[in-house]
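Residue strings, one per chain:
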Amino acid sequence: QVQLVESGGGLVQVGGSLKLSCVASGRAFSTMAWFRQAPGKEREFVGSITWNTGSRYYSDSVKGRFTISRDIAKNMGYLQMNSLNAEDTAVYYCAACRKLRLGIRDDECDYWGQGTQVTVSS
């Protein structure tokens, strides 16, 4: 089992920034991924990082604005979000996946955080 606890969500204005954190505990995993789900929409892949090597991959909708990182010593994953716009409003989830894959799907991930709300207002 892997336990994931997220933090850092909140309300931010258009053009602003937020940094989400996800602390992991328990067994090892290969990939940490971030997903988001807006009201009335399906869950969407945001980006991922391979835990051991730090390789990263982003969806086109966030590429150039969001950055994923991790601190292995602290078992922490991060999602730095810049230049936020209203379309980024969603509940954001981190996921720990035993599968090693950058463009990972949500059904390939095994453990999930509780989600944190990000609201971008104009």
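For the structure itself, look to the data block above.
Definitions and cut-offs
In every chain, residue numbers begin from 1 and rise along the written sequence. Totals for whole chains, interfaces and linings use every residue, but because this is a predicted model, local features are given only for residues with pLDDT of at least 70 and side-chain atom pairs only at 80 or more, for both listing and counting. Heavy atoms throughout the structure, all of them, feed into the side-chain values; hydrogens and water do not. For helices the rule is a DSSP run of H or I covering at least 4 residues; for strands it is a run of E covering at least 2, with both sets numbered from the N terminus onward. Only protein chains enter the accessibility calculation, which uses a 1.4 Å probe; a residue whose area is less than 20% of its type maximum is buried, one above 50% is exposed, and one in between is partly exposed. The term salt bridge refers to a pairing of a side-chain nitrogen on Lys or Arg with a carboxyl oxygen on Asp or Glu at a separation within 4 Å. It only takes one pair of heavy atoms within 4.5 Å for two residues to be counted as in contact. Only centres within 6.5 Å qualify two rings of Phe, Tyr or Trp (six-membered ring in Trp) as a pair; their planes then separate them into stacked at under 30 degrees, edge-to-face at over 60, and tilted for everything else. Whether a charge sits over a ring comes down to the Lys NZ or Arg CZ being within 6 Å of the ring centre and within 35 degrees of the ring normal.

> Explanation requested: the overall build of the chain in the structure shown.
Along the backbone of the chain there are 0 helices and 11 strands. Each helix (α) and strand (β) of the chain, taken in turn from the N terminus, gives the series β-β-β-β-β-β-β-β-β-β-β. Its C-alpha atoms give the chain principal-axis dimensions of roughly 40 × 25 × 25 Å. Out of the 122 residues belonging to the chain, those deemed buried represent 45%.

> Looking at this model, I keep getting lost on the pattern of salt bridges. Mind explaining?
For the structure shown, the criterion picks out 10 salt bridges. The salt bridge involving Asp107 is made with Arg105; its shortest N-O contact spans 3.0 Å. Judged by relative accessible area, which is 57%, Asp107 ranks as exposed. Linking Arg105 and Glu108 is a salt bridge whose minimum nitrogen-to-oxygen distance equals 3.6 Å.

> Even after reading the chapter, I still don't get the side chain of Ser21, so can you show me in this structure?
Relative to the assigned elements, Ser21 resides in strand E3 (residues 18-26). Given a relative accessible area of 15%, Ser21 falls into the buried group. Apart from residues lying up to four places away in sequence, Ser21 is in contact with Val5, Glu6, Ser7, Trp34, Met76, Gly77 and Tyr78.

> Before we go on, may I ask you to explain the packing of aromatic side chains in this structure?
One pair of aromatic rings is described through two measures. These are the centre distance and the angle between the planes. Taken as a whole and judged by the stated rule, the model has 5 aromatic pairs. Aromatic pair Phe35 and Trp112: ring centres 5.1 Å apart, planes at 45°, arrangement tilted. Taken together, the positions of Phe35 in strand E4 (residues 31-37) and Trp112 in strand E10 (residues 111-112) put the pair 77 residues apart, joining distant regions of the chain. What makes Phe35 buried here is its relative accessible area of 2%. Seen in terms of ring centroids, Phe45 and Tyr57 are 6.0 Å apart; in terms of plane orientation they differ by 40°. Their pairing is tilted. Placement of Phe45 in strand E5 (residues 44-50) and of Tyr57 in strand E6 (residues 56-58) is noted, with a sequence separation of 12 residues between them. Clustering of aromatic rings is evident, with ring pairs tying together Phe35, Phe45, Tyr57, Tyr93 and Trp112. Its end group placed over the ring of Trp112, Arg43 keeps NZ or CZ at 4.0 Å from the ring centre.

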